[in-house]
Amino acid sequence: MYYFDTHAHYDDAAFDPDREQLIKDMYDFGVKKIINVGADMQSSLNSIKFAEKYDFFYAAVGVHPYDAVKMCEEDVKMLQKYCKNYKVVAVGEIGLDYHYEDIDRDKQCYWFEKQLELAEITGLPVIIHTRDADEQTYKIIEKSGVRCGVIHAFSGSAELAQQYVKLGFYIGVGGVVTFKNAKKLVRVVEKVSLSRILLETDAPYLTPEPYRGKRNNSQNLQYVAAKIGEIKQIEPNEVIKITCENAEKLFL
Ligand code: NI
């Protein structure tokens, strides 16, 4: 049994002071697989570099909606090239973020569709970021024909989660499930089969209780697994084992 962190950003500057040591510690702790997820062109490339440097790292390449509004066709071509790398296992994180009104939504949709196309062409699963844009995100994915991936840091209703599962997607669950105000996500975990849930940290963000507010890392998946176990009334080890199998099936 080991931990598989399906979503982290270890190229983030928050890890500059002690990255090497932390990565070693996490591996020794039992984190044996990590997907480092790109959020723009540079971090996509960084993710590949990490995956080439560390055996147990894999990479996802893609541009987050905030940066996607500045994309050009050349970037998509470059991403397609990146996808050929043997350690690249997904296109992501891509999606829609309507939290702030001034980030052009038409452009977000356009580049989201383009990157979904890229996933279709390359046959890779997608890692979806969606915030305050549930309806539009679902519509675009449904229309795209992409049927393989994960909805990262899922924040929608249990009903929407079920819809995504029917479509062929997994539900990414991280530190938020341990928060006191996580009622909605707890319901999602109750309703969705464990065979459709993936563990993720989004490190350095979204740190679970009891370390909420501090820098996150993949060892904290233990608190996420414990919480899911509590909700589903099964052993945390069972949660770790099944979600790990799910991740291997989807990405490797
Ligand atoms: Ni992320």
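What comes next concerns the included structure. Just so you know, these numbers come straight off a predicted model, no measurement behind them. (Residues numbered from 1 in each chain as written. Predicted model: local features only at pLDDT ≥ 70, side-chain atom pairs only at ≥ 80, totals over all residues. Heavy atoms only, no water.)

**Some details on the pattern of salt bridges**
Opposite charge on two side chains lets them pair, provided their charged atoms get close.
Next, step 1: Enumeration according to the criterion identifies 13 salt bridges in this entry.
Next, step 2: We note a salt bridge from lysine 143 to glutamate 113, for which the minimum N-O separation is 3.7 Å. Taken together, the residues span a long stretch of sequence, with lysine 143 in helix α6 (residues 134-144) and glutamate 113 in helix α5 (residues 105-122) at a distance of 30 residues.
Next, step 3: Residue classification places glutamate 113 among the partly exposed residues on the basis of a relative accessible area of 32%. (Salt bridge = Lys/Arg side-chain N within 4 Å of Asp/Glu carboxyl O. Helix = DSSP H or I, 4+ residues; strand = E, 2+ residues; numbered from the N terminus. Buried < 20%, exposed > 50% of the residue type's maximum accessible area, 1.4 Å probe, protein only.)

**Comments concerning the coordination of the nickel ion**
Next, step 1: In the first shell of the nickel ion, the protein supplies His7 (NE2), His9 (NE2), Glu93 (OE) and Asp202 (OD), at 2.1 to 2.2 Å from the metal.
Next, step 2: Around the nickel ion, the four donor atoms are arranged such that angles at the metal cover 84 to 175°; this shape is classified as irregular.
Next, step 3: Written as a sequence motif, the donor arrangement for the nickel ion is H-x1-H-x83-E-x108-D. Of this pair, histidine 9 sits in the loop between β1 (3-8) and α1 (19-29) while glutamate 93 is found in strand β4 (residues 88-97), placing the two residues 84 residues apart along the sequence.
Next, step 4: Judged by its relative accessible area of 8%, histidine 9 is buried.
Next, step 5: Take glutamate 93: its relative accessible area is 4%, and that puts it in the buried class. (Donors = N, O, S within 2.8 Å, 3.2 Å for Na, K, Ca; no water. Tetrahedral: all angles 85-135°; square planar, octahedral: opposite > 155°, others 65-115°.)

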